[in-house]
Amino acid sequence: MSGQVVDSERFLKELDNWIGENSAQLVAWRRDLHVHPELSRGELRTTQVVVDELQKAGLSPRVLPQGVGVVCDIGPAGPLVGLRADMDALPIAEMTGLPFSSTVEGVSHACGHDGHTAILLGVAKALASMGDLPIGVRLVFQAAEEVMPGGALDAVTAGVTRGVSQFYALHCDPKLEVGKVGLRAGPITSAADHVEVVLHSPGGHTSRPHLTADLVYAMGTVITGLPGVLSRRIDPRTSTVMVWGAANAGDAPNAIPQEGRLRGTVRTGDHATWALLEPLVREIIAGLLAPLSVRYDLIYKRGVPPVVNDAVSTELLSQAITSVGPNALADTPQSGGGEDFSWYLENVPGAMARLGVWSGHGPQVDLHQPNFDLDERALAVGVRTLAGVVLQAGLHAR
């Protein structure tokens, strides 16, 4: 038992020393990536930056088979702890006015993945600078988190979960002040599926709807009916919600259009309910449209399951967060957002935490907004947290 305490003290002291000496480098990596954002599955420059930096640390990174994304193992043979960061940007024009704003028109890191990548680079460099590590570590720099199907499935297919006993990740949270890390056991994100309904009618004159199929009326029936019926068919305690994001049909006020299109998402916080959603959505839409003589095509795209933090991994991550500072650990609610880190946890246990990136002053700008930014002090907190969970996992494995 005393050996573990000495190892812990040495590990944390070396980690804190590395962070103190390299905090400016963390910021430089993040800003470089921020200036050069790349969309999902196009992260070629980002991949090369990661490879170059890992090789400078004497490591042996491997590019994933799709040509984007990197995996790199550090430390002793045996069980591995997996750490994941996502790398892709969003098709959103930046409006922050920062001196290091995106130089790519219409593309920006409006979700903080530049910070995630810089943090995992810092973890890699810090661990590589130490002596013996308490456990082997697998670093995964993942492409294409922002699309469905996401890059997590590519990484899992490439075998990144094989030999890994636990997987961990962080995600920026602008609702938490810098220095705080939010964590909860159980579901921390939600399943998110895409629903698209394309409706077809012969069209006609609005004075004679009885002689055709009234497509816009049918659209309205689905727009209000599907969310309403779902709410009566599914336990409300599962936090299931259906919301439309786009509805398009017609141009002329006196003509019934021939085609209309609805697009939206259905989300649930319950893993078992996720498996029921697609057949239920199909059943409800068929019932709503049956009396209206409108033909339709339903394109249902299953997205991601919820991220479900298992109890043991959550406890280890909690201990790592607590070691950052006595007030670092914070409660966090389950989010309605989706996150493809969940696919790793379908294969091995693990946990995700929310990294506070709000400065504590001014508005809390949400993720995916064009003026989103992060307080760069959070980068050091992220490195301390993820490297700290490596120590906790190593102690737990002994």
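How each quantity is defined
Residues numbered from 1 in each chain as written. Predicted model: local features only at pLDDT ≥ 70, side-chain atom pairs only at ≥ 80, totals over all residues. Heavy atoms only, no water. Helix = DSSP H or I, 4+ residues; strand = E, 2+ residues; numbered from the N terminus. Rg over C-alpha atoms; globule rule 2.2 N^0.38 Å. Contact = heavy atoms within 4.5 Å. Areas by Shrake-Rupley, 256 points an atom, 1.4 Å probe, with all protein chains shown as cover. Lys, Arg positive; Asp, Glu negative; His and termini not counted. Charge placed at Lys NZ, Arg CZ, Asp CG, Glu CD. Expected span 1.5 Å × (residues − 1). Buried < 20%, exposed > 50% of the residue type's maximum accessible area, 1.4 Å probe, protein only. Polar contact = N/O pair within 3.5 Å; in protein donor to acceptor, adjacent residues only side chain to side chain. Pairing = 2+ DSSP bridges. Axes fitted to C-alpha atoms, helices over the stretch in contact; angles between N-to-C directions. Phe/Tyr/Trp six-rings, centres within 6.5 Å; stacked < 30°, edge-to-face > 60°. Salt bridge = Lys/Arg side-chain N within 4 Å of Asp/Glu carboxyl O.

Q: Before we go on, may I ask you to explain the overall build of the protein in this structure?
A: Per the secondary structure count, the protein includes 9 helices and 16 strands. Compactness check: the protein gives a C-alpha radius of gyration of 24 Å against a globular reference of 21 Å for 398 residues, within 12% of the reference. Along the first, second and third principal axes, the C-alpha atoms of the protein reach 85 × 45 × 40 Å. Partitioning the intrachain contacts of the protein with sequence separation of at least 6 by distance along the chain shows that 80% fall at a separation of at least 24. Approximately 16900 Å² of the protein is accessible, and the part contributed by carbon and sulfur atoms is 54%. If the 30 positive side-chain charges of the protein are averaged to one point and the 42 negative ones to another, these points end up 3 Å apart.

Q: Please explain helix 7 (residues 311-324) as it appears in this structure.
A: Since one α-helical turn is 3.6 residues long, residues separated by three or four positions face the same way. In a regular helix each residue adds 1.5 Å, so 14 residues correspond to 20 Å; helix 7 covers 20 Å between its end C-alpha atoms and thus fits that length. Within helix 7, burial applies to Ser 313, Thr 314, Leu 316, Leu 317, Ser 318, Ala 320 and Ile 321. Where helix 7 is buried, its residues meet strand 5 (164-177), strand 6 (181-182), strand 14 (308-309), strand 15 (329-330), strand 16 (350-358) and helix 9 (378-397). Two or three places before Val 312, at the start of helix 7, stands the capping residue Asp 310, its side-chain oxygen 3.2 Å from that residue's backbone nitrogen.

Q: I'm lost on the sheet that holds strand 10 (residues 241-249) in this one. Help?
A: By way of backbone hydrogen bonds, the strands of a sheet pair with one another, either parallel or antiparallel. Spatially, the 4 strands line up as an open sheet ordered 10-12-8-13, and their pairing is antiparallel. Sheet topology places strand 10 and strand 13 (295-304) at the edges, where each strand pairs with a single neighbour. Taking the axes of each pair of neighbouring strands and ignoring which way they run, one obtains an average angle of 15° across the sheet. Where strand 10 lies against strand 12 (residues 259-268), 8 bridges are found, and the strand directions are antiparallel. Looking across to strand 12, one finds that Met 242 is bridged to Val 266. On top of the sheet, helix 5 (residues 215-233) reaches strand 8 (191-200), strand 10 and strand 12; it is set at about 170° to strand 10, its chief contact. Where helix 6 (residues 271-289) meets the sheet, its contacts fall on strand 8, strand 12 and strand 13, and the angle it forms with strand 13 comes to roughly 165°.

Q: I would appreciate a short explanation of the pairing of strand 2 (residues 70-74) in the present structure.
A: Looking down a regular strand, the side chains alternate between one sheet face and the other. Most of strand 2 is tucked away: 4 of the 5 residues are buried. Summarising the sheet, strand 1 (residues 62-63) and strand 2 pair through 2 bridges and their orientation is antiparallel. Of the residues in strand 2, the one forming a bridge with Val 63 is Val 70. As paired strands, strand 2 and strand 4 (residues 136-142) are joined by 5 bridges and run antiparallel to one another. Across the sheet, Val 70 pairs through a bridge with Phe 141, a residue of strand 4.

Q: Quick question: what am I supposed to make of the packing of aromatic side chains here?
A: Working definition: an aromatic ring pair is given by the centre-to-centre distance plus the angle between the planes. Across all of its chains, the model carries 4 aromatic pairs by this definition. A ring pair is formed by Phe 167 and Phe 341, whose centres lie 6.4 Å apart and whose planes are at 75°; its orientation type is edge-to-face. With Phe 167 in strand 5 and Phe 341 in the loop between strand 15 and helix 8 (342-345), this pair connects stretches of sequence that are 174 residues apart. Clustering of aromatic rings is evident, with ring pairs tying together Phe 167, Phe 341 and Tyr 344.

Q: I would appreciate a short explanation of the pattern of salt bridges in the present structure.
A: Any two side chains of opposite charge can pair, given that their charged atoms come close. What the rule picks out here adds up to 21 salt bridges. One salt bridge in this structure joins Arg 30 and Asp 114, with 3.0 Å as the shortest N-O distance. You can see Arg 30 sitting in helix 1 (residues 2-35) and its partner Asp 114 sitting in helix 3 (residues 113-129), a full 84 residues away along the chain. For Arg 30, a relative accessible area of 1% gives the class buried. Assessed through its relative accessible area of 1%, Asp 114 is described here as buried. A network of salt bridges, in which partner residues are shared, links Arg 30, Arg 31, Asp 114, Asp 373 and Glu 376.

Q: Any chance you could explain the sheet that holds strand 3 (residues 80-86) here in plain terms?
A: As summarised here, the arrangement of the 8 strands in space is 1-2-4-3-5-16-6-15, forming an open sheet in which the pairing is mixed. In this open sheet, the two strands that pair with only one neighbour each are strand 1 and strand 15. Helix 7 rests against strand 5, strand 6, strand 15 and strand 16 of the sheet, and its axis sits at about 30° to strand 16.

Just geometry here; none of it tells us what the structure is for.
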